[in-house]
Structures are given as C-alpha cells and as structure tokens.
2 protein chains.
Amino acid sequence: MKLILIGFGAVGQGFAEILLEKCADLSARHQFSADIVGVVTASKGNLYHPDGLDIAHLLRTAATGSFMDYPESEPLRRDWDASDMIRRGSAHVLLEASPTNLQTGQPALATCHLALDQGLHIVLANKGPVALDYASLREKAAAAGLHMRYEATVMAGTPTMHLAEDALAGCEIRSARGILNGTTNYILTQMESGMTYAEALAQAQALGYAETDPAGDVEGWDAAGKGLILANALFGSSLTMHDLDVTGITDISSRDVDQARQSGQRYKLIAEARPDGGAVSPQRLPLSDPLTSVGGSTNAITLDTDLLGRVTLIGAGAGKLETGYALLADLMAIQRAT
Amino acid sequence: MKLILIGFGAVGQGFAEILLEKCADLSARHQFSADIVGVVTASKGNLYHPDGLDIAHLLRTAATGSFMDYPESEPLRRDWDASDMIRRGSAHVLLEASPTNLQTGQPALATCHLALDQGLHIVLANKGPVALDYASLREKAAAAGLHMRYEATVMAGTPTMHLAEDALAGCEIRSARGILNGTTNYILTQMESGMTYAEALAQAQALGYAETDPAGDVEGWDAAGKGLILANALFGSSLTMHDLDVTGITDISSRDVDQARQSGQRYKLIAEARPDGGAVSPQRLPLSDPLTSVGGSTNAITLDTDLLGRVTLIGAGAGKLETGYALLADLMAIQRAT
C-alpha cells in the first residue's frame, strides 16, 4: 500500500513512528505493509519517491524543521505538490493530516476530492472535509468503489468510528452523545479540585492541551465539529455548523461546579448527534452515567442502539501516537476490505 | 450465506428474530443476507431444508416447545442430526448456541471440529469450546482458511472481540480487566442500596439473571470462563480453568460493601487476563476507574494497549436480542472478510 501524507505535524509523525516501529509485527501478524511515497507540508517542504521514503530519515529531518537534509536518491522529487503526487504518482491512499479548518475545510477538501477523482482511497485526520462536505465525499467514494475513513477525527485513535460503522453495523444507532473535547473536560475536572476557570485554562495551556487562543475548545466549536461528523456519518444528515446549538464552558463558574458536586453530579461538555440534528452544551450528569466518571483529558461516547441499548466507549481523545494510530487502523480496515 | 444453528434457546431465537426483522435493511445497507438451513435442538427436534427454513414458522413452533407443527415442504428433513447437516448439507457457517459446558465443552466442541473439518466457518455463543480448546480450533480454522468468531461469548453483543481483534488489531494489548458477569454486578449494586447478599441474590433469581443454582455466577466461574477466552484469544495462551485464581463474591458482606462506599470505593468482581495468566476476584475500585460506574447487570472491559493507553467498553452483558446480535455481527464480519 503506497501512501501520500498531507501534513507532517504531530499526527503525521506519530503515524510514521508507529509504522517504523511496528513494521515487522504488522507484516507478520496482519500481512500489512505500507510505504509512504509522498509527504506534503506547509513549512518543511515536500518529498516524493515512488519506491517509498525512508521513514527514519523523514522523522530525523522533520525534527530540524525542514526536509532539506533528507538524502538525495534518484528519482526523488522535491518540487511536486499534492496535486502532482496524486495525479502523477503511484499512491493508493491519501492521508489528510494537515491542520483542520472548520470554516472552509480547505485546502484539504479540494485535495480529498482530487484524490477520489484520481482513484485513491482517502483517510482523514483533518476534521474539516468530514464535518463540512461529508455527503458529497461519501457519494464520490462510493461511486468509484473507494474507501473514505476518518477514525482520527473523533476521539483520536480510540476506535469510535470502527465501533459505530463496523462493529455496530447491524444495529440502528439512535443517538450519540459524548465528551469529545479533552481540553474542556480537563478544565472542568481541575475546577472540581478547586481551581478557578482561569487557573485551569492556564494549566491546560501549559500542558499543551489548549491552544494559545482557546476559543475553539472552550466555546465548544471543536466538539461541535466532531458532533457534526457523527451526525453526518451515523445518520446521513447533511447538517452544517449553523444547524447545531453550541454552548461552551466559558460561563461555568467554580460555584456551578461545586453545586453540582454537592448534588452528586458533575459538569461535562456534551456533544450530541441525532438523526434530526445535534448540539453541544455543558450538562450536569449523575454519577450513574458512565460519562460522568471520565476525567481529565480523556474522551468518551455513548451510542444508543436498537438491539444493544447503550454502548459506551472511553479512551484517549488526543496525543501523537494515539491519533497516529487512527490512520493505521483505517489503513488496516481498508486492506481487510479490499 | 447458509447457516446451521445448534441450539434454539434465547440466543438462537434472538438471532432469528433479528434476522427476520432486519432482513430488508441488512440486504439494502450491507448487501447481507443469510438463510437458516438447519436447526438442531435438544428438546424441540431438528429441521433441515436446503433452501432455508421459514423463520417466522420456526419461531412460532419453537414457542410451542416442539418443531412438530413446522409445516412440511419437500425436501424438509426432520431426521438429520448436526453431523448429517454438516456433512451432507450445503451450509457455509455453523452457529453454536447450545448451552455452555465449561468442564468438557461437549458436545459443542466435537461439532465445531467437525464443522471446520468439513469446510464451514464457525460462530460461537457457546463459551465451552472457546474457553477449553481455543488454540486447536484456531489453528484448524487458520489452516483451512476458515473464520472462527465468538463475539457472543464475552459481554453478549457488546462488541468486545470486534474491538480487541479488529479495531485494535494494530495495537499490542497488554492486559484486559472487566466486569464480565452481570449477575454478580447486579447483586453487588443492590447490596450498596442496603440489601443483604441473600436478598440481592433472591432478587437476581426472581428477575431471571441468576440460575436456580447460582454457583457458576457467584463463585466466579462464569467470569473465569470469559477471562480464559480473553487470555487465549488476546494473548495466544493455552490456559485452562486450573491456571486461573478464582474467587467469587460469596464472602463479601454488606459491611464490606459499606466500608468500601465510605472510602469512596465500590466492590466489583473483576476478571483479568494477561499474557501470563488470569484471575477473578472481588476488588475495591476507586470512583476514578471507569469500571466503577458500571452498575446493575451491565458489563464492561478495559483493555490496556501500547499505543492508545486504556480503552474501556461498557454495555449489555446478557439478553436475548443483545446476545443474538453478536451472531449477526460475527456473520457480517465474515462476509466483509470473504
């Protein structure tokens, strides 16, 4: 399986590290092997080699901030962009792991369409195209007999989409609700230990959970993007961000958190997706709800199904290897199905 | 896909009901269709028809306690046993849903070996063969290019094995620990509400959770059987029941439960599987453990992995449709892979 990787930040590098480290095991146990033939980045440069790039070299030169020192070896190309690689290269799968843009989905969205048009499967860590143009990508992929997977977009590599779309394929899923943003869950958990909102946010930033501009997290937009992906993927909706009611945690005070605790409850920022829509809002949950026990930056989701009742999955929602693993899991699923 | 179903109790009937009700949806959305060509039971009689049995008739006559009133239609056979159906019939998959025997695994174990010898995939709800002879069944299936699946044996249709064996295939699973017996979890939960052990057990029996002889549940053997399946399936162990340390909940008093609660903890009967063995024992868990929130007859499992850390799945551990669904999920996975 030959791969083009768009973006070589934490997720792309995490994926590359896993591939490098597990290559013998994956080949022996799962007859799985993959070569990264192309890498496209915004700041490090681009590389393409039809026989596969050397992953150890890739990681080493990426750490210097540029692929300049990646060794020459005919017919290596440094001048091809994503479009060249997709059109003129020999890859089977496009991995989209560049930064998410939830306003336009670009430039990833155009790259994904081009890849499908050119007969490549697509695997996304980038939430933009899946949140904003799910139906049309899905339709194009289906018409061409290609796979489109996006495990990394919700709960990192914790296999949410594998659970919902493969393992529960024979069930009807009626609704999904979950803690899909680790930063806000971390802040709420710290507030329960007595920190103020501002202190907890500062700590989340110090630990690298929250961006310098934390609005996307604390105002609920990151969770909303994931809610949208779930609504569109699980229920075939064609919703946009404007269709969701979104409330973040910025108005939750230490006093609110305390009062909830005194009634045996905890505040959680809950993203919900149903056939008719979705929402993001802070909710007071009782201790009997499995989502309530989920503390820190951990994520969780409860799927309500016709045959099994509620099924809850709890696990990592971020992290370099945790998200990188999602790309591997999607590639293995594509291999099993082709 | 033509199926032989061994056993037509709650699980077999649950599966048949799902097949009957979802048949149009499964065919439209997943290009999945299956015919039950044979049913073998201990007390209702046997039926075989090469074109498929009528599921509505099957369910209706089964409710009378006997297949006697199942309508005649050439070339229906009532005299074939499991061996005849496997050897002389046209089925692709054997579904083993007869009662579990954790001492010998029989007669299901012999039936499963015969099915593999004759080129049928096997899907088990019966825990016996998977707990007692996993390695040899797995080897025989692999050598013949056949599938062996057993989602129903652990946590009913809650997709534990799909999670561990498919979605997490690229991870190394280091250990599994879970609440795998609903009866004992129900009893412990009721004891937290003030019931004595005897009262809680009587209520579990009245609700049909516990057998008249509850020893298999309360002494931990049912959980141990599932722990053994996990140890053998996830770690390639060849353990037997004798290799597990098994302690049930019979020595847990209301006072123990109270004391735990006062320290912010809860007693849970935990089954553990590791590469080097396994155990079942009542443990006091802190509220921060996702297993702690799991009350009543619900089941849960935490898989500790190299790449994702801990992944926890919570859901139904019993029930007619819940367990019947596991058979469908396994069949759909076999269809995807063949």
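Each value, and the rule that gives it
Residues numbered from 1 in each chain as written. Chains lettered and ligands numbered in written order. Predicted model: local features only at pLDDT ≥ 70, side-chain atom pairs only at ≥ 80, totals over all residues. Heavy atoms only, no water. Contact = heavy atoms within 4.5 Å. Buried area = accessible area lost by both parts, 1.4 Å probe. Salt bridge = Lys/Arg side-chain N within 4 Å of Asp/Glu carboxyl O. Polar contact = N/O pair within 3.5 Å; in protein donor to acceptor, adjacent residues only side chain to side chain. Helix = DSSP H or I, 4+ residues; strand = E, 2+ residues; numbered from the N terminus. Pairing = 2+ DSSP bridges. Axes fitted to C-alpha atoms, helices over the stretch in contact; angles between N-to-C directions. Parallel < 35°, antiparallel > 145°, perpendicular 65-115°, else oblique. Left-handed = near helix turned anticlockwise from the far one by under 90°. pLDDT = per-residue confidence, 0-100. Core = buried A, V, L, I, M, F, W, Y, C linked by side-chain atoms within 4.5 Å. Buried < 20%, exposed > 50% of the residue type's maximum accessible area, 1.4 Å probe, protein only. Nonpolar A, V, L, I, M, F, W, Y, C, P; charged D, E, K, R; others polar.

A. The interface of chain B and chain A, seen in detail. Listed by partner, the interface residues are 38 residues for chain B and 38 residues for chain A. Taking both partners together, chain B and chain A bury about 2900 Å²; carbon and sulfur atoms supply 61% of that area. In terms of surface lost to chain A, no three residues of chain B exceed L307, L308 and Y325 of chain B, which account for 21% of the buried area on that side. Here D306 of chain B ties to K22 of chain A by a salt bridge, and the two come within 2.5 Å at their closest N and O atoms. Taken together, the links from chain B to chain A amount to 12 residue pairs in polar contact (both at pLDDT 80 or more). Of all elements in the fold, only α1 (10-30), α6 (160-167), β12 (309-315) and α12 (320-337) of chain B reach the threshold of two or more residues within the side of chain B that touches chain A.

B. Broad picture of the sheet that holds strand β10 (residues 277-286) of chain A. Pairing in this open sheet of 12 strands is mixed, and the strands run β8(A)-β10(A)-β9(A)-β7(A)-β11(A)-β12(A)-β12(B)-β11(B)-β7(B)-β9(B)-β10(B)-β8(B) from one edge to the other. The strands lining the two open edges of the sheet, one partner per strand, are β8 (245-246) of chain A together with β8 (245-246) of chain B.

C. Focus on the packing of helix α5 (residues 127-143) of chain A against helix α10 (residues 221-235) of chain A. All names here are of chain A. Direction vectors running N to C along α5 and α10 enclose 50°, while the axes themselves pass 8 Å from each other. As the angle between them shows, α5 and α10 are arranged oblique. The element α5 and its partner α10 pack so that their crossing is left-handed. Residue-level inspection shows K127, V130, A131 and Y134 of α5 in contact with α10, the latter providing D222, G225, K226, L228, I229, N232 and A233.

D. Structural detail: the confidence of the model for chain A. For chain A, per-residue confidence averages 95 on the pLDDT scale, and residues scoring 70 or more make up 100% of the total. Here the predicted complex carries an ipTM of 0.96, next to a pTM of 0.96.

E. The arrangement of the nonpolar core in detail. Among the nonpolar cores identified, the biggest contains 226 residues, and F15 and I36 of chain A together with F15 and I36 of chain B are the most heavily contacted of them. With near-sequence residues (within four places) excluded, I36 of chain B lies in contact with L3, L5, F15, A16, L19, G52, L53, I55 and L58 of chain B. Judged by nonpolar contacts, the second largest core, of 14 residues, contains I270 and V294 of chain A together with L285 and I314 of chain B.

F. Examining the side chain of S237 of chain A more closely. Residues and elements named next belong to chain A. Within the secondary structure layout, S237 lies in the loop between α10 and β8. Of note is the side chain of S237, whose polar atom sits 3.1 Å from the backbone oxygen of A231. Setting aside residues no more than four positions away along its own chain, S237 makes contact with A231, N232, R274 and P275.

G. Inspection of the packing of helix α7 (residues 182-192) of chain A against helix α8 (residues 197-206) of chain A at higher detail. Residues and elements named next belong to chain A. Contact geometry for α7 and α8: axes closest at 9 Å, N-to-C directions at 130°. Between α7 and α8, the crossing angle belongs to the class labelled oblique. With respect to the hand of their crossing, α7 and α8 are arranged in right-handed fashion. Contacts between α7 and α8 involve T183, Y186, I187, Q190 and M191 from the first element and Y197, A200, L201, Q203 and A204 from the second. Here the contact of α7 with α8 is built from residues that sort into seven nonpolar, three polar and no charged.

H. Focus on the sheet that holds strand β3 (residues 46-48) of chain B. Residue and element names in this part refer to chain B. The six strands are arranged β3-β2-β1-β4-β5-β6 in an open sheet whose pairing can be described as mixed. This sheet does not close on itself; its edge strands, each paired only once, are β3 and β6 (148-149). Two elements, strand β4 (residues 93-96) and strand β5 (residues 121-124), share four bridges in a ladder whose sense is parallel. Bridged to E96 within β5 is L124. Relative to β4, helix α4 (residues 108-117) is tilted by about 170°, and along the sheet it contacts β1 (2-6), β4 and β5.

I. Structural context of the pattern of salt bridges. The tally for this structure, following the rule as stated, stands at 30 salt bridges over all chains. Between R261 of chain B and D258 of chain B there is a salt bridge, with the nearest N and O atoms lying 2.9 Å from each other. Pair noted here: R261 of chain B and D258 of chain B are both in helix α11 (residues 254-262), with a separation of three residues, about one helical turn. Residues participating in the shared-partner salt-bridge network are K127, D222 and K226 of chain A.

J. Fine view of the pairing of strand β7 (residues 173-179) of chain A. Residue and element names in this part refer to chain A. With six of its seven residues buried, β7 lies for the most part within the structure. Where β7 lies against strand β11 (residues 299-305), six bridges are found, and the strand directions are antiparallel. Each bridged residue has a counterpart across the sheet, and for I173 the counterpart in β11 is T305. When β7 meets strand β9 (residues 265-274), the two strands line up antiparallel, connected through three bridges. Counted as the bridge partner of R177 is E272 from β9.

K. Just the side chain of R266 of chain B, in detail. Residue and element names in this part refer to chain B. If you trace the backbone, R266 turns up in strand β9 (residues 265-274). Of the residues examined, R266 reaches a relative accessible area of 17% and is grouped as buried. When near neighbours in sequence (up to four residues on either side) are disregarded, R266 contacts T189, E192, A260, Q283, R284, L285, L287, T292 and S293.

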